[in-house]
Amino acid sequence: MVNYPPVDGIGPPGTRVKSIAAQLLASMSPNLLLMDLGMAISFATVAVPDLLHAPEGLSLDDTQASWFGSLSYLTQPFGAILSGLIVDYFGRKKASILVNIPHVIAWILAYFSWNLPSLFIANGLLGLGTGLMEAPIFAYVGEVCEPSIRGTVCTVTQLFLAIGTLNMYFLGTVVSWRNAALISLAAPILAMVLSFFVPETPVWLLSQNREKDALKSLCYLRGWTSAENVKEEFDELIIYCKNLHRCIICLREDEYRKTEDCPHRNMNIFKRSYLQFKNEMLVKATLRPFSLGILYFLFYVMSGLTPIRPNMVNVCGAFGMADNRKNIVLKVGIITLTAAILVIGLIKIAGKRKLGITAMLGTGLSCTALSVYAKHHLDDSVFSYDVDTFPKDTSVWPLVFFYLLTFCTGCNVSWVLLGEIFPFRSRARAQGLAAAWNYIVTFFGTKSYIDLEIHFKLWGTFAVYAAFAFVGTVYLYFFIPETEGVPLHEIEYFYKGSLRTFAYDPFINFFRRIFGITREDPRIVCKEENEKNDTKF
């Protein structure tokens, strides 16, 4: 039994409404981080049209515009890799403050940029800061929320990404790109301020042997309630975190020794670090969700909307869409926001698995429709980087297909899954590496767009994106599990054992029965292993 320490400042038992309110309030700082992130990744979309072949001031040619639009994605992986280390060392809360610094500098530099190098440096810093933000955002939100509302709160967090994107697209229609950068400075500053008023996550505090602080944090997050009202959940966290204090090398060797008796303490530091890395990162519980994350990101990024984002305004013109190009981009932001709101309502009903598969299939069908339209209605001379080649006649059909692509892209759950599929020991680093992979793919996707269009025209480019989406749909159908409502410490048991990555599905289960493949309930496996480990003390 856990001997609960006295906790000062904790109020009476919290109601369900108060509990949800506390978790939403604690998530506001990560929400503002994501809003700033959405503005950062959309900055090139509003800046490139004004900078491309500008008659005066700063000006970009075709090649420079291509590099500018993809540069932030090139620097994001470095930030994403560092983010895991920062989160593990400083904790989720302090990391949420520190990662804002690059964006504060970047927005100021973008506003005052006096030549192309300073402008490129500003965009590179936006990418670095975006990468740094990934692990703190998703590690924090995933760890402070109850399983029953974690999916909903994570999608609310995603909503702020859509709000940030919409904000930048709106600013692009009413102010210059310089003023848009200056206004965007408010987001990271406000996020830093709010971070001082939220608690650290209970799991991280327990990993640092700060039991009283962890209990106080959990009481805050469950509606400013008393210790007795979080007793059961805190007991489960205590049992889970006992393993975190044990030597991971001993655990993997099934010795289950106390830390004091660990024979690896005096081992050569390099050998010990290698064995710790091997037993934390190179195990099924980490590698299997990591493979899911990186493949999901690959198919999601290359399914149409992301690669064209920096040049979106001109792509709309090249298709001859029946509306003002900047208005279309603004409506893309509105549709993205609408999709994010819809996902909040659907995720509890449909779950993440069905949403992810349906959204990926929708992007494939949308890209196919755009490819067919371009093949039959656009001349081969049309080139999105040359406004003189744009068709004179406009049509509403490519506009409909493009809006459908936007909506389906906005309904993806890749980032929501990233916050919950990794075990605690490797969570921050694995999230950082997965985010880094996402940005590497995004860089190559955005940078290769101009080459794809040169060699395969618009119709061939979107045919390539459709192929990625359809392959991604098949992959997700077989490999994405349903994690909605499952506690974090139980999710890692989805990925242990043989073929544990296959999801529950009537069609898949039919072939399981034919081939005699069995699969234990991960909740039962988790409970049995926790009880077994607890008896070793």
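Residues numbered from 1 in each chain as written. Predicted model: local features only at pLDDT ≥ 70, side-chain atom pairs only at ≥ 80, totals over all residues. Heavy atoms only, no water.

**Student:** Can you tell me about the overall build of the chain, naming the residues and giving the values?
**Tutor:** Per the secondary structure count, the chain includes 24 helices and 0 strands. Sorting the 537 residues of the chain into buried and exposed places 58% on the buried side. Across the chain, the fraction of contacts at a sequence separation of at least 24, relative to all contacts at a separation of at least 6, is 82%. Accessible surface, the chain: about 22000 Å² in total, of which carbon and sulfur atoms supply 65%. (Helix = DSSP H or I, 4+ residues; strand = E, 2+ residues; numbered from the N terminus. Buried < 20%, exposed > 50% of the residue type's maximum accessible area, 1.4 Å probe, protein only. Contact = heavy atoms within 4.5 Å. Areas by Shrake-Rupley, 256 points an atom, 1.4 Å probe, with all protein chains shown as cover.)

**Student:** Quick rundown of the confidence of the model for the chain? Include the residues and the values.
**Tutor:** Residues of the chain with pLDDT of at least 70 account for 84%, and the chain-wide mean is 82. Low pLDDT, under 50, characterises residues 1–11; the stretch is placed with 28 contacts to residues that sit more than four places away or in other chains. Contacts of residues 255–259 to residues separated by more than four positions or lying in other chains number 15 contacts, the stretch itself having pLDDT below 50. (pLDDT = per-residue confidence, 0-100.)

**Student:** Pulling in residues and values, what's your account of the pattern of salt bridges?
**Tutor:** Enumeration according to the criterion identifies 6 salt bridges in this entry. Between glutamate 143 and arginine 92 there is a salt bridge, with the nearest N and O atoms lying 2.7 Å from each other. A residue pair is termed long-range when its members are at least 10 positions apart, and glutamate 143 in helix H6 (residues 116–144) and arginine 92 in helix H4 (residues 92–98) qualify at 51 residues. Exposure class is identical for glutamate 143 and arginine 92. Each is buried. One salt bridge connects arginine 210 with aspartate 213, and the closest N-O pair in it is separated by 3.1 Å. (Salt bridge = Lys/Arg side-chain N within 4 Å of Asp/Glu carboxyl O.)

**Student:** Please give an account of the packing of helix H2 (residues 28–51) against helix H8 (residues 177–184) that cites residues and values.
**Tutor:** Following both chains from N to C, one finds H2 and H8 inclined at 170 degrees, their axes separated by 9 Å at the closest point. Between H2 and H8, the interaxial angle falls into the category roughly antiparallel. Seen from H2, the contacting residues are Asp36, Met39, Phe43, Val46, Ala47, Asp50 and Leu51; seen from H8, they are Trp177, Ala181 and Ser184. Classifying every residue of the contact of H2 with H8 by side-chain character gives 7 nonpolar, 1 polar and 2 charged. (Axes fitted to C-alpha atoms, helices over the stretch in contact; angles between N-to-C directions. Parallel < 35°, antiparallel > 145°, perpendicular 65-115°, else oblique. Nonpolar A, V, L, I, M, F, W, Y, C, P; charged D, E, K, R; others polar.)

**Student:** Help me get a handle on the nonpolar core, residues and values and all.
**Tutor:** If you look at the biggest cluster of nonpolar residues, it comprises 131 residues, and the most contacted ones within it are Phe43, Phe68, Trp107, Phe319, Phe402, Leu458 and Phe462. Setting aside its immediate chain neighbours within four residues, phenylalanine 68 contacts Phe43, Ala44, Ala47, Val48, Leu51, Leu60, Leu119, Phe120 and Asn123. One finds Leu218, Ala227, Val230 and Cys241 within the second-largest nonpolar core, a separate group that totals 16 residues. (Core = buried A, V, L, I, M, F, W, Y, C linked by side-chain atoms within 4.5 Å.)

**Student:** Pulling in residues and values, what's your account of the side chain of threonine 165?
**Tutor:** By secondary structure assignment, the location of threonine 165 is in helix H7 (residues 147–174). Excluding its chain neighbours within four sequence positions, the residues that come into contact with threonine 165 are Gly38, Met39, Ser42 and Arg309.

**Student:** Describe a nonpolar patch on the surface, naming the residues involved and giving the relevant values.
**Tutor:** A grouping of Tyr89, Phe90, Leu98, Ile101 and Ile105 is seen on the molecular surface, where their side chains present a nonpolar patch of about 490 Å² in accessible area. Structurally, leucine 98 can be placed in helix H4. (Patch = residues over 30% accessible without salt bridge, like charges linked within 9 Å, V, L, I, M, F, W, Y side chains within 5 Å.)

**Student:** Quick rundown of helix H19 (residues 397–410)? Include the residues and the values.
**Tutor:** In this model H19 runs 20 Å from its N-terminal to its C-terminal C-alpha over 14 residues, within 8% of the 20 Å that 1.5 Å per residue would give. Those residues of H19 that are buried lie in contact with helix H15 (284–301), helix H16 (305–308), helix H17 (312–318), helix H18 (325–377) and helix H21 (424–479). (Expected span 1.5 Å × (residues − 1).)

**Student:** Explain the packing of H15 against H21 to me, and be specific about the residues and the numbers.
**Tutor:** Where H15 contacts H21, the axes come no closer than 5 Å and their chain directions differ by 25 degrees. For the element pair H15 / H21, the angle class is roughly parallel. Its residues assigned to classes, the contact of H15 with H21 shows 19 nonpolar, 6 polar and no charged.

**Student:** Report on H6, specifying residues and quantitative values.
**Tutor:** In this model H6 runs 42 Å from its N-terminal to its C-terminal C-alpha over 29 residues, within 8% of the 42 Å that 1.5 Å per residue would give. Maximal helix bending in H6 amounts to about 30 degrees, located at methionine 133; proline proline 136 follows within four positions. Across the 29 residues that make up H6, a large majority, 23, are buried. (Bend = angle between axes of the 7 residues up to and from the residue.)

**Student:** Report on unusual backbone geometry, specifying residues and quantitative values.
**Tutor:** Backbone geometry at histidine 53 places phi at a positive 55 degrees, although glycine is not the residue there. Along the chain, histidine 53 falls in the loop between H2 and helix H3 (62–90). Taking relative accessible area as the criterion, histidine 53 reaches 48% and is therefore assigned partly exposed. Positive phi values are uncommon outside glycine, yet tryptophan 224 reaches one of about 55 degrees.

**Student:** Please set out the packing of aromatic side chains residue by residue, giving values where relevant.
**Tutor:** In this structure the tally under the stated criterion is 15 aromatic pairs. Between the aromatic rings of phenylalanine 319 and phenylalanine 462, the centroid separation amounts to 5.4 Å while the plane-to-plane angle is 80 degrees, which identifies the pairing as edge-to-face. Pair noted here: phenylalanine 319 is in the loop between H17 and H18 and phenylalanine 462 is in helix H21, with a separation of 143 residues, a long-range link. Every member of this aromatic cluster is reached through a ring pair, and the members are Phe43, Trp107 and Trp177. One cation-aromatic arrangement involves arginine 353 over tyrosine 477; the distance from NZ or CZ to the ring centre is 5.2 Å. (Phe/Tyr/Trp six-rings, centres within 6.5 Å; stacked < 30°, edge-to-face > 60°. Lys NZ or Arg CZ within 6 Å of the ring centre and 35° of its normal.)

**Student:** Describe the environment of aspartate 393, listing the residues and the values that go with them.
**Tutor:** Along the chain, aspartate 393 falls in the loop between H18 and H19. According to the relative accessible area criterion, aspartate 393 is exposed, its value standing at 67%. Residues aspartate 393 and phenylalanine 319, 74 residues apart in the sequence, show an inter-C-alpha distance of 9.7 Å.

**Student:** Which residues make up the state of the cysteines, and what values go with them?
**Tutor:** Within the structure shown, the criterion is met by 0 disulfides. Free cysteine: cysteine 408, not disulfide-bonded; nearest cysteine sulfur from cysteine 411 at 6.5 Å. (Disulfide = S-S within 2.5 Å.)

**Student:** So what about the environment of phenylalanine 319? Which residues, and what values?
**Tutor:** For phenylalanine 319, a relative accessible area of 1% corresponds to the buried category. For the pair phenylalanine 319 and alanine 374, spaced 55 residues apart in sequence, the C-alpha to C-alpha distance is 7.0 Å. What phenylalanine 319 contacts, discounting residues up to four positions off in sequence, is Leu370, Tyr373, Ala374, Leu378, Pro391, Pro398, Leu458 and Phe462.

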